[in-house]
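# Structural features, examined
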Amino acid sequence: MPKRYELLIISIASPLILGVYEDDMLIQTISSDKKTSEVLLPLVKECLDRYDISTIIYTRGPGSYMAIKLTYIILKTIEIMQGIKCVGCSGFSLNGGEPIKAVGNLYFIKEKETIITKKYEQPVNVKFTLPQSIQDLELDEESTPDYILPAV
């Protein structure tokens, strides 16, 4: 039986993190502190050249609006040109449900099924992590970005 490879991309915060999964298990982690606009495409291309990726999962929000938009455009182009399925997941599923930076001292928080913004006086240091297995990762029906813009 052929091995199944999937790519998980966390681009909503720094550092940018990519995980390659073989049959749902993490086999490689790639991380970069460079701007998503500079490094995402070369890193994705490197993974596509090295592995026969069947699906790409990305954090479709909430988080950095520009990173979400850029990631979606790159992945949708790959999906159209190469037939590699692109699906989304919530950023909250990769940071333990902790607040996600919005703008300034505003953070996105999830209350039950609703995402709102909340002001924190002190910066919240939240780490995103790749799960060892994506077997139980909750994927969204939708692959389009989940733009949640805070009131300004």
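Residues numbered from 1 in each chain as written. Predicted model: local features only at pLDDT ≥ 70, side-chain atom pairs only at ≥ 80, totals over all residues. Heavy atoms only, no water.

## Looking at the nonpolar core
- Leu7, Ile9, Leu18, Val44, Ile53, Ile56 and Ile78 are the most contacted members of the largest nonpolar core, which totals 23 residues.
- If you list the elements that add at least two residues to this core, you get β1 (5–10), β2 (16–22), α1 (36–50), β4 (53–59) and α2 (65–82).
- With 6 residues, the single largest contributor to this core is α1.
- Apart from the residues lying within four places of it in its own chain, the contact partners of valine 44 are Leu7, Ile9, Leu18 and Ile78.
- If you look at the next biggest cluster of nonpolar residues, it comprises 18 residues, including Leu8, Ile10, Phe128 and Leu137. (Core = buried A, V, L, I, M, F, W, Y, C linked by side-chain atoms within 4.5 Å. Buried < 20%, exposed > 50% of the residue type's maximum accessible area, 1.4 Å probe, protein only. Helix = DSSP H or I, 4+ residues; strand = E, 2+ residues; numbered from the N terminus. Contact = heavy atoms within 4.5 Å.)

## A look at the state of the cysteines
- Taken as a whole and judged by the stated rule, the model has 0 disulfides.
- Sulfur of cysteine 47: no disulfide; nearest cysteine sulfur belongs to cysteine 86 and is 15 Å away.
- In this structure cysteine 86 is not part of a disulfide, and its nearest cysteine sulfur, from cysteine 89, lies 11 Å away. (Disulfide = S-S within 2.5 Å.)

## Quick look at α1
- Given a rise of 1.5 Å per residue, 15 residues ought to cover 21 Å, and the 21 Å separating the end C-alpha atoms of α1 matches this to within 8%.
- On its buried side, α1 packs onto β1, β2, β3 (25–32), β4 and α2. (Expected span 1.5 Å × (residues − 1).)

## Describing the sheet that holds β3
- Strands sit in the order β3-β2-β1-β4-β5 across an open sheet of 5 strands; the sheet is mixed. Looking along the sheet, the strands with just one partner apiece sit at the ends: β3 and β5 (85–89). Across the sheet, the mean angle from the axis of one strand to that of its neighbour is 20 degrees, orientation sign disregarded.
- In the packing of α1 onto the sheet, the strands contacted are β1, β2, β3 and β4, and the crossing angle to β2 comes to about 10 degrees.
- Across the sheet, α2 is in contact with β1, β4 and β5; its angle to β4 comes to roughly 165 degrees. (Pairing = 2+ DSSP bridges. Axes fitted to C-alpha atoms, helices over the stretch in contact; angles between N-to-C directions.)

Any functional reading would require information that these geometric values do not contain.
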